[in-house]
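Given next are the chains, with one letter for each unit.
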Amino acid sequence: MVKANGAVGLPLDRCRSTAFAKITGFLVISLVFFYLGKCFSDGSSLQLVFYALQHSPQPKTSAFVGLSPNLNKAFNITVLINATTPPPAIRNIGNEPKEVTVLSPPPPSPPPSLERMGVVDESGRMTDDFKVGDYDPELVENWSKINESEGLGSDGMVENVRIKIKKFPLCPESMREYIPCLDNAEAIKKLHNTEKGEKFERHCPEEGKGLNCLVPPPKGYRAPIPWPTSRDEVWFSNVPHAPLVEDKGGQNWITISKDKFKFPGGGTQFIHGAVQYLDQIEKMVPEIAFGRRTRVVLDVGCGVASFGAYLLSRNVLTLSVAPKDVHENQIQFALERGVPAMVAAFVSRRLLYPSQAFDHIHCSRCRINWTRDDGILLLEVNRMLRAGGYFAWAALPVYKHEPALEEQWEEMVNLTSRICWTLVRKEGYLAIWQKPLNNSCYLSRTEGTQPPLCESDDDPDNVWYVDLKACISRLPENGYGSNVTSWPERLQNPPDRLMNIQFDAYMSRTELFKAESKYWKEIIEGYVRALHWGDFKMRNVLDMKAGFGGFASALIENKLDCWVMNVVPVSGTNTLPVIYDRGLIGVMHDWCEPFDTYPRTYDLIHAAGLFSIEHKRCNMSIIMLEMDRILRPGGRVYIRDLLSLMDELQEIGVALGWHVSLRDTSEGPHANYRILSCDKRLL
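Let us look at the structure shown here. (Residues numbered from 1 in each chain as written. Predicted model: local features only at pLDDT ≥ 70, side-chain atom pairs only at ≥ 80, totals over all residues. Heavy atoms only, no water.)

**Structural notes on the side chain of Asp-458**
Then comes step 1: You can see Asp-458 is positioned in the loop between α12 (440-443) and α13 (509-530).
Then comes step 2: A residue is classified by how much of its surface remains accessible, and Asp-458, at 16% relative accessible area, is buried.
Then comes step 3: A distance of 2.5 Å separates the side chain of Asp-458 from the side chain of Lys-469, its partner in a polar contact.
Then comes step 4: Setting aside anything within four residues of it in sequence, one finds Asp-458 in contact with Arg-350 and Lys-469. (Helix = DSSP H or I, 4+ residues; strand = E, 2+ residues; numbered from the N terminus. Buried < 20%, exposed > 50% of the residue type's maximum accessible area, 1.4 Å probe, protein only. Polar contact = N/O pair within 3.5 Å; in protein donor to acceptor, adjacent residues only side chain to side chain. Contact = heavy atoms within 4.5 Å.)

**Some words on the sheet that holds strand β19 (residues 585-589)**
Then comes step 1: Taken together, seven strands build an open sheet; the order of strands is β19-β18-β17-β20-β21-β23-β22 and the sheet is mixed. Taken across any chain shown, the strands that pair with only one partner, and hence form the sheet edges, are β19 and β22 (659-664). Taken pair by pair, the neighbouring strands of this sheet meet at an average axis angle of 20 degrees, ignoring direction.
Then comes step 2: Pairing between strand β20 (residues 602-608) and strand β21 (residues 631-642): six bridges, direction parallel. Note on β21: the bridge partner recorded for Ala-607 is Ile-639.
Then comes step 3: Seen against the sheet, helix α17 (residues 620-630) touches β17 (540-543), β20 and β21 and runs at an angle of roughly 145 degrees to β21.
Then comes step 4: Each of β21, β22 and β23 (673-679) is contacted by helix α18 (residues 643-655), which is oriented at about 165 degrees to β21, the strand it contacts most. (Pairing = 2+ DSSP bridges. Axes fitted to C-alpha atoms, helices over the stretch in contact; angles between N-to-C directions.)

**Some details on the pattern of salt bridges**
Then comes step 1: One pass over the structure, following the stated rule, counts 34 salt bridges.
Then comes step 2: With its nearest N and O atoms 2.7 Å apart, the salt bridge here joins Asp-183 to Lys-324. With a gap of 141 residues between them, Asp-183 in the loop between β6 (158-165) and α4 (185-189) and Lys-324 in the loop between β11 (317-322) and α8 (330-337) connect regions that are remote in the sequence.
Then comes step 3: You can call Asp-183 partly exposed: its relative accessible area is 27%.
Then comes step 4: For Lys-324, a relative accessible area of 16% translates into the label buried.
Then comes step 5: Arg-372 is the salt-bridge partner of Asp-373, the closest N and O atoms lying 2.3 Å from each other.
Then comes step 6: Residue class for Arg-372 comes out buried when judged on its relative accessible area of 17%.
Then comes step 7: Three or more residues are tied together by salt bridges with common partners; here these are Asp-359, Arg-386, Arg-490, Arg-497 and Asp-581. (Salt bridge = Lys/Arg side-chain N within 4 Å of Asp/Glu carboxyl O.)

**A short note on the sheet that holds strand β8 (residues 255-257)**
Then comes step 1: Pairing in this open sheet of three strands is antiparallel, and the strands run β7-β9-β8 from one edge to the other. Taken across any chain shown, the strands that pair with only one partner, and hence form the sheet edges, are β7 (233-235) and β8. Neighbour-to-neighbour, the strand axes of the sheet open up by a mean angle of 30 degrees, direction not taken into account.
Then comes step 2: Two elements, β8 and strand β9 (residues 260-262), share three bridges in a ladder whose sense is antiparallel. Paired with Thr-255 across the bridge in β9 is Lys-262.

**Structural notes on helix α11 (residues 403-418)**
The periodicity of an α-helix, 3.6 residues per turn, causes residues three or four places apart in sequence to face the same way.
Then comes step 1: Its 16 residues give α11 an end-to-end C-alpha distance of 23 Å, which sits within 8% of 22 Å, the value for a rise of 1.5 Å per residue.
Then comes step 2: Among the residues making up α11, those that are buried are Leu-405, Trp-409, Met-412, Leu-415 and Thr-416. Looking straight down α11, one finds its buried side chains confined to an arc of 130 degrees; they lie on one side. Exposed residues pointing more than 90 degrees away from the buried face of α11 are listed as Pro-403, Glu-407 and Glu-410.
Then comes step 3: Structurally, α11 contributes buried residues whose contacts are with α9 (372-384), β14 (385-394), α10 (396-399), β15 (422-427) and β16 (430-434).
Then comes step 4: Once α11 ends, the next one or two residues include Cys-420, with phi positive near 70 degrees. (Expected span 1.5 Å × (residues − 1). Arc of directions from axis to C-beta.)

**Comments concerning the packing of aromatic side chains**
Then comes step 1: Counted under the stated rule, the structure contains 25 aromatic pairs.
Then comes step 2: Both rings, one in Trp-533 and one in Phe-551, keep their centres 6.4 Å apart while their planes meet at 80 degrees; by these two values the pair is edge-to-face. Of the two residues, Trp-533 is situated in the loop between α13 and β17 and Phe-551 in helix α14 (residues 550-557); the sequence distance between them amounts to 18 residues. Phe-551 carries the same exposure label as Trp-533, and that label is buried.
Then comes step 3: On the numbers, 5.1 Å between centres and 70 degrees between planes, the contact of Trp-533 with Tyr-638 is edge-to-face. You can see Trp-533 sitting in the loop between α13 and β17 and its partner Tyr-638 sitting in strand β21, a full 105 residues away along the chain. In this structure, Trp-533 and Tyr-638 share a single accessibility class: buried.
Then comes step 4: An aromatic cluster of three or more residues is present, and its members are Phe-346, Trp-370, Phe-391, Trp-393, Trp-409, Trp-421 and Trp-433.
Then comes step 5: When the ring centre of Trp-487 is taken as reference, the NZ or CZ atom of Arg-295 above it lies at 3.6 Å. (Phe/Tyr/Trp six-rings, centres within 6.5 Å; stacked < 30°, edge-to-face > 60°. Lys NZ or Arg CZ within 6 Å of the ring centre and 35° of its normal.)

**What to know about unusual backbone geometry**
Comment: phi is negative for the bulk of residues other than glycine, and the bulk of peptide bonds are trans.
Then comes step 1: The residue after Trp-227, namely Pro-228, is reached through a cis peptide bond having omega 10 degrees.
Then comes step 2: Relative to the assigned elements, Pro-228 resides in the loop between α4 and β7.
Then comes step 3: The omega torsion across Trp-487 and Pro-488 is 10 degrees, close enough to zero to call that bond cis.
Then comes step 4: Along the chain, Pro-488 turns up in the loop between α12 and α13.
Then comes step 5: Residues other than glycine seldom take positive phi values, yet Ala-305 does so here, at roughly 70 degrees.
Then comes step 6: One can find Ala-305 in the loop between β10 (296-300) and α7 (306-311).
Then comes step 7: Judged by its relative accessible area of 0%, Ala-305 is buried.
Then comes step 8: Despite not being glycine, Gln-356 has its phi angle at roughly 50 degrees, a positive value.
Then comes step 9: The topology assignment puts Gln-356 in the loop between β12 (341-343) and β13 (358-364).

Next comes the structure, spelled out in structure tokens:
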């Protein structure tokens, strides 16, 4: 038993010894790694040091830090980066080892200021038309007199600040046909000379004396009769003026039938009707080709615009113009009928249309002395007439054989020959001339022939408050303007004069032209689908910032039976020549001033990107008050502009008595633009 027990106990002792050794070894290794880890993980000192053994007769001590040869030196390492001259080294002399001090590098010098040569405007184009102005306390003070702000909390903090515009009052009944720049009696009284008709030109009110109320409609005003019925009849109550009937009734202009004015379609020189008269013109000169070669016409001294009204059925767009003179309501009748028209006068300034705008210019008993002052008025016709275009004159001197009238005819023939017009045909009471296609005739005239050619630096498209010039406007040497295509192809064909437009663009002008047309075509298609524009009874349309005329083109392509007055603001690029080359009509204007048309002219007013530009120049309330004046009761306004302007525009719309609503654009709710839709109530 003893042996047995001893044999069993020996292996147990060995096992225990082996286990003890393993545990002891594991603990020793753990302690070593713990110590090493603690030493190397201590972040209190990140300096690089050198260790050495010091032999001395003194008792041996622990190792200490060995000093680097660069101990007492500090270096500015920026010299290695900026390649500048290094500062002298800072030395610290002493026997005791000292803490190394490293100087922090000086802050880098500020970069040179960048000179801004332009900024990106709302259309994504570079422009240098900007400046930063000083704070103007007077402007703020004056603004506070006519506007109120609300939204201040009880603690004085701003919560949802909005601009509140006081409601505009109604103007007196006497102002129901008020045109601010043409009815400025105070300015007209100050004119030194009015014998040439200066009182019929623009004389706008001084700042602070402009329109500040809502022009009322006449009593009994009704929604206009829709086109095409309106060509032949309009409500008497909308234009309650019978004197024109008494004066021109015998010439088949206009008659009264119960509660309506009727328009038989006649005129002073075409009492048998406009249809027969237009047929006569095309028979005399077949090359005129209304609706194909001739698309845009100017009718001077238009009467009630029956000439232009009947040309519409031949795909001809006629702008009828006349002054606000003794027959002061003739333009108002034209507009009520739904015919393109505008108040304008041949006096001392250029008309607000570009050079080579009209394919045909017509004057039937327009009561203008074309030969006065060296023919300066006919030279203005020449400026606006397209190269190769036709001028038709129906007047007494053409066919009557009285001495005074025969003398006037001889003067007209002499003047037209000196400006190189060719008398194409004279028949009955109508004479038709053609303008040359180029400058060759002008240059081949006898030296000293009057009138002279205008100076080469004269811009025939510069028309805003520009005086008439007694000289012949030069035609472009490259033939631009004379070779437009026929209608309707010219609507979408990029015209040659597109190349003359002055603006910064990375894309070609042709691509921009096509892009604008596509852009508005898609938008108008959306309006027709979503907003039911096809159901609107809109005839007279105003585009306040027309660009290349893409909006008007889109209306035509969507077969909306209306015409558009395309306005090119003076604050932007002059694109009017392109608009006319497309077969559309337009005018130059400054929206800080009133527009030359009667109250209640337009069914629809469209403004895209206008206020984001013009609010820098003039008060938005002034612009919208003018929009209300020329908008028909029951008419609509569409403003497409920056979201940042919409609060103020909404408040102004409410102050005008409009019903306003804000809509997202097709880009969605996060876009920077919105559409403000406004309805003017039919009172």
